[in-house]
Structures are given as C-alpha cells and as structure tokens.
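Chain by chain, the residues:
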Amino acid sequence: MRFVILYLLAVHQSYAFVPTAHQRRSAPFRAYNRQEILSLNSNDIRSDLLLEELQNDFNTLTELRPSDPLADISFPAAVVSDGSSYTRIWTTQTWQIHSHPPHRRYFRHVRKWTQSKTARKILPTVCLATIWSVVVTLLANYFQCRPIPPRKIISVAGTSSTVSLLSAPLALLLTLRANASVARLLAARQAWGALVLHARGLSSILANYIYPVNPQAAILSVRYLSIIGWILKAQFRGEDEASQREVLKLMLKEKEYQWIIDEQHSTKYGVAMLSRIRQICNLAMSSSTAQTAPYCHNRLYFVEDSLKEIEASAGICERLFGSPIPPTYTRHLSRVMSLWLLLLPISLVTSIGATSTTVITTALSAYVFVGLDEVGMEIENVFQLLPLQQLAAAVQKDVCDQFYGLVCGSQPDIEFATS
C-alpha cells in the first residue's frame, strides 16, 4: 500500500513540476523549464570534471563551516558552561569523565560551581531573595525589642501553613515544566538524527539510481542536499541572511543561487531546496535515457520516500521552534514562585526565629527552586542546546562520503552462485 501511495505521489510530482508559460513568467520557481533540466546530462560537461569541482567545493565548505563547536557563529555562550555539555556530540572520553564515581563527580561539579552559567544567571534573583530575608529578620528583631507585642504590629499568623500549601503546587509546576522541556529536547534531537540518517540514505540513492542516467542532475541534487543542515541551523538559530547566502553561493551555480534567493521571498530556503531536489529527480528520470533504464519509476519511490522523511524532520523542528510551552503556564509559575519567595522568610522567622539561619535557609531554597525554573527555561529553547554545528557538518560529510564512496569508489565484484 505504501509503494502505491508513493507511486501516485511521484507521478503527480512529475506532472506538477512541468511549468506552464504563465507560471514561468510569474513565479521564479518555474523559471527552469523541462528542457533546461533534461539537458543536465549533456555530454558537453564531463562527469569527472563535475565530481572534481564538487569535491573542491566540499573542501572549501569544510574550511568555511568546520565541525568544531567553537567555530559556531551562533554559539549560545550564555547558557553553555565549561566541561561536559549537551551542545557537543559526546565521545568515549566525554562519557568516561561524566561517569566518574560520585565523590569525584561531586568534587568536580562543586569546584567548577563559580563557572556555572546557570548559577550566574540566577544569582541576582537569589541575592534579592536573600536581601528580603535580611530585611524581614531585622524587622522581626526590631519589633521584638518593643514593649508592644510583634503580633499587634504585623500579623504573621498562618504564614507557615501558607508556605507549606504553596510548596507542593510549586514543586509540581517545576516538575511538569522540566519534563515538558526535556521531552521537547529529545524530540528535536531525534528529528536531527533522522535528518542526518535520511540525508545519507538519499545521497546513496542519488549515487545508485540517478547518477548512472543523469550525472549532472545527481551532482546538482547532492549540492542542495549537502547544505540543508546549515540552512536549517541558520533558520533555528536566527543567523543573519549573509551567513546563509555565503553557503548558498559557494555550493550553487549563479543561476541556481539567484533562483533560491528569489524564491526565499515566497517560501523558506529549506522548503525550496527540497522541492528543487524533487523537481530535478523527477524530470531527470523522465528523460528518454532514463526511461530505458530498468525499474525507472521504482527509483523515484525511494527518492520520494527519503525526501518525505527529511521534510518530516524539518517540520518537527519548525513545530518545536514556533510553539513553546504555553506562556500562561510560565507566567503562573513565575507568580507562584514570587509569592513563595516573599512568604518564605516570614514563615522561617515565625518557626525558627529571627536568626542568621533564616537568611541562609532562604538563600539556599531560592538557589534550588529558582535554579530548577531557569534550567527548564533554558531547555525549553531546544535549538540553543543542540550541537547543531556538528550535526550540520555531519549531514554535509555523510552526504559527501556516501556519494563519492559509491560513485568513485572501487567496490569488489559480487559473484553469485548459479544452480
């Protein structure tokens, strides 16, 4: 059933991408007519020269966009601490350090406490809560020295019960917020993992099925496919337009580059690039040379299936980027947290007295609860934590290695036993 649906989609796309005269005049996406794309397998350009040029462009792109996280132009330095971090793809050495025995792990984390970016971000809030507890403690000591009982000056009856009642809902709100944020992070990481996987698979399909009948079409599709990771990274990290055009201009010819720049006004770069790959493959396989190849239409099924998976991964990322945890939940959590921090010193004064213990307890409690809230906020914006520099570089490298390994590599002959 799945192959039947994919076949219908492939046939529909092969007709849908044949532009009419009116469409060619009105839309930049239709500026490339059928004859221009079918001429991609022209003998005027040797395939070995195209492969060499592609390899040179890959090398230049690797120098321009290395996989080192420190080379990330949109690196989220405000939320990344020194040491192990989710913003980097982990290695065996990273896991060994992370899995140290508890006494070594605790000592390492406490020693680097001052370097924590999260601790620095919540420090002003913790200081305000501490100052408020000092004020409450001084006022309590002042009124205790007066002949008038403190309870007639300021009523604190029932404050301890109020704080106790707020503590349970506050902990529940923080837990639900943290769980939702972690779920978003895992969904985004799975989507990018699927993007790398299916981009590598599509590169293999282009090498095995498209390149033999139309080398230039396959190489042009590989050019688009190799930079899809960099374009999506720029979109979700909010990189400027110049950084995206730098990559596009390097990997695409002038005509292709101008088309996608014009197309950006009506759609996103990623959507336009995937549509372009689909158009190239459909029209290349409908040429007279491709029609004589065995199982011609079956090859389009695999292309369409991989493109569908890549589009699904990009769609998941767009959904996560455009739809945060409902702000109403965040506002309610902030208000409950503020009430709890205001009432906590008063509750401690009535229970343990106006001593330095009240101030220390308030500071530690504020650090724990405000820290949990801030961690949830940081994780909610998943794309500032994902190792997008390394993932985008992985898409580029896997597409390149897979394509060149099948096109230029020397695989051993397969001998089948005959009965």
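Refer to the structure presented above.
A few points on the structure. (Residues numbered from 1 in each chain as written. Predicted model: local features only at pLDDT ≥ 70, side-chain atom pairs only at ≥ 80, totals over all residues. Heavy atoms only, no water.)

Turning next to the pattern of salt bridges. Scanning all chains against the criterion turns up 18 salt bridges. With a shortest N-O distance of 2.7 Å, arginine 200 and aspartate 398 are connected by a salt bridge. Pair noted here: arginine 200 is in helix H9 (residues 159-210) and aspartate 398 is in helix H19 (residues 388-407), with a separation of 198 residues, a long-range link. Arginine 200 gets classed as partly exposed once you look at its relative accessible area, which sits at 29%. Three or more residues are tied together by salt bridges with common partners; here these are Asp72, Lys233, Arg237 and Glu239. (Salt bridge = Lys/Arg side-chain N within 4 Å of Asp/Glu carboxyl O. Helix = DSSP H or I, 4+ residues; strand = E, 2+ residues; numbered from the N terminus. Buried < 20%, exposed > 50% of the residue type's maximum accessible area, 1.4 Å probe, protein only.)

Here we take up a nonpolar patch on the surface. Taken together, the side chains of Leu128, Ile131, Trp132, Val135, Leu139, Leu339 and Leu342 present a nonpolar region at the surface, about 640 Å² in accessible area. Secondary structure elements with two or more residues in the nonpolar patch: helix H7 (117-144) and helix H17 (327-352). Considering each element in turn, the nonpolar patch owes the most residues, 5 residues, to H7. Tracing the backbone shows leucine 128 in helix H7. (Patch = residues over 30% accessible without salt bridge, like charges linked within 9 Å, V, L, I, M, F, W, Y side chains within 5 Å. Areas by Shrake-Rupley, 256 points an atom, 1.4 Å probe, with all protein chains shown as cover.)

Core analysis: the biggest nonpolar cluster contains 72 residues, and Trp192, Tyr224, Leu225, Leu248, Ile260, Phe383 and Phe403 have the highest contact counts within it. The element contributing the most residues to this core is H9, with 12 residues. Apart from the residues within four sequence positions on either side, tyrosine 224 is in contact with Leu252, Glu256, Trp259, Ile260, Met273, Arg276, Ile277 and Ile280. Ile122, Ala129, Leu174 and Met337 belong to the second largest nonpolar core, which has 17 residues in total. (Core = buried A, V, L, I, M, F, W, Y, C linked by side-chain atoms within 4.5 Å. Contact = heavy atoms within 4.5 Å.)

The next subject is the environment of threonine 130. Inspection of the secondary structure assignment puts threonine 130 in helix H7. Here the alpha-carbon distance between threonine 130 and threonine 358, two residues 228 residues apart in the chain, equals 9.3 Å. Discounting residues that sit within four places of it in the chain, threonine 130 has contacts with Val359 and Ala363.

The geometry of a pair of packed helices is captured by two quantities: the angle between their axes and the separation between those axes. As a packed pair, helix H4 (residues 47-64) and helix H12 (residues 241-251) sit with axes 9 Å apart at the nearest point and diverge in direction by 160 degrees. Classified by the interaxial angle, the pair formed by H4 and H12 is roughly antiparallel. Between H4 and H12 the crossing geometry is right-handed. Counted together, Leu54, Asp57, Phe58, Thr60, Leu61 and Leu64 of H4 and Glu246, Val247, Leu250 and Met251 of H12 form the full contact between these two elements. (Axes fitted to C-alpha atoms, helices over the stretch in contact; angles between N-to-C directions. Parallel < 35°, antiparallel > 145°, perpendicular 65-115°, else oblique. Left-handed = near helix turned anticlockwise from the far one by under 90°.)

Okay, the state of the cysteines next. Summed over the entire model, instances satisfying the criterion amount to 0 disulfides. Free of any disulfide, cysteine 408 has its nearest neighbouring cysteine sulfur in cysteine 400, separated by 9.4 Å. A residue is classified by how much of its surface remains accessible, and cysteine 408, at 46% relative accessible area, is partly exposed. (Disulfide = S-S within 2.5 Å.)

In this section: the side chain of serine 85. Residue placement: serine 85 occurs in the loop between H4 and helix H5 (92-98). Within the structure, the side chain of serine 85 is placed 2.7 Å from the side chain of threonine 87, a separation counted as a polar contact. (Polar contact = N/O pair within 3.5 Å; in protein donor to acceptor, adjacent residues only side chain to side chain.)

Quick look at the packing of helix H13 (residues 254-263) against helix H14 (residues 269-285) now. Where H13 meets H14, the closest approach of the two axes is 9 Å, and the angle between their N-to-C directions is 130 degrees. The angle between H13 and H14 falls in the class oblique. In terms of crossing hand, the pair formed by H13 and H14 is right-handed. Judged by residue contacts, Glu256, Trp259, Ile260, Ile261 and Glu263 of H13 engage Tyr269, Ala272, Met273 and Arg276 from H14. Tallied by class, residues from the contact of H13 with H14 come to 6 nonpolar, no polar and 3 charged. (Nonpolar A, V, L, I, M, F, W, Y, C, P; charged D, E, K, R; others polar.)

Scanning the model with the defined rule gives 10 aromatic pairs in all. With a centroid separation of 5.6 Å and an interplanar angle of 50 degrees, the aromatic rings of phenylalanine 236 and phenylalanine 321 are classed as tilted. Here phenylalanine 236, found in helix H11 (residues 228-237), pairs with phenylalanine 321, found in helix H16 (residues 296-322); they are 85 residues apart in sequence, far enough to count as distant. By relative accessible area, which is 4% here, phenylalanine 236 ends up buried. (Phe/Tyr/Trp six-rings, centres within 6.5 Å; stacked < 30°, edge-to-face > 60°.)

Looking at the element boundaries, proline 76 is found in the loop between H4 and H5. Those residues in contact with proline 76 that sit more than four places away from it in its chain are Arg237 and Gln384.

These results come straight from atomic positions and should not be treated as a statement about function.
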